[in-house]
Amino acid sequence: MLMDCKEIIEEAVRVLRQGGVILYPTDTVWGLGCDATSEQAVERIFRIKKRSSAKSLVLLACDMDMVARYVKEIPDIAIDLVEVNDAPMTIIYPGAQLLAPNVVAEDGSVGIRIPLDTEDNSPASFCRQLVRRLGKPLVSTSANISGEDTPKCFRDISDEIAGSVDYVVPQRLERGASGRASQIIKVGLGSEIEVIRP
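Computed from a predicted model, the values in this text were never measured in an experiment.

(A) Main features of helix 5 (residues 123-134). Helix length check: helix 5 (12 residues) gives 16 Å between terminal C-alpha atoms against 16 Å at 1.5 Å per residue, within 8%. Most of helix 5 is tucked away: nine of the 12 residues are buried. Turning to helix 5, its buried residues number three or more, namely Pro123, Ala124, Ser125, Phe126, Cys127, Arg128, Leu130, Val131 and Leu134. Here the buried face of helix 5 lies against helix 1 (5-17), strand 1 (22-25), strand 3 (58-60), helix 3 (64-70) and strand 6 (138-139). Gly135 occupies a position one or two residues after helix 5 and carries a positive phi of about 80°.

Here is the structure:
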């Protein structure tokens, strides 16, 4: 019998709260996820990806209220960008707080994306519900070994990656993901904007 979305979210949250790593469809590509406040869980993701921990990771939040808990001060321009945004967009905020130190960049910034509010059965909707249920930001890094191609769909994920996580979200939930990475915009407290990835 197929699990419904609520059961899948509950199982994923159970694994995440125990410090586990999940493989899941994001609003963009397939990702590896963990509790962004757990240094040990984040370290596991770096090991799985064979990636330097000097590189920061993107996080998912369910809304701006959650972002505000983990960023010391939100620049006004960031709120404007989120309000007008109609495509997946990661914003790099200055002044991260209350997060695992290994998800934060050397300059103290952190990249956070809020999946767009879309139809109920989309990966974006699934991600928002998952993060809301977890109650904390979720790491969202592509499910590949560092330097290899980003998996646009489940069949692109290597057996090595799939075999190293604690829970794999059923692939039927990937329908509707864009298969493209988000744009990345860095904002400053003076509302400066730097486009990192268009």
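Having seen the structure, we can now continue with the description.
(B) How the structure looks around unusual backbone geometry. Even without being glycine, Lys50 reaches a positive phi, approximately 55°. Residue placement: Lys50 occurs in the loop between helix 2 (39-49) and strand 3. Unlike most non-glycine residues, Leu98 shows phi in positive territory, near 65°. Among the secondary structure elements, Leu98 is positioned in the loop between strand 4 (89-93) and strand 5 (110-113). Residue class for Leu98 comes out exposed when judged on its relative accessible area of 63%.

Basis of the calculations
Residues numbered from 1 in each chain as written. Predicted model: local features only at pLDDT ≥ 70, side-chain atom pairs only at ≥ 80, totals over all residues. Heavy atoms only, no water. Helix = DSSP H or I, 4+ residues; strand = E, 2+ residues; numbered from the N terminus. Expected span 1.5 Å × (residues − 1). Buried < 20%, exposed > 50% of the residue type's maximum accessible area, 1.4 Å probe, protein only. Contact = heavy atoms within 4.5 Å.

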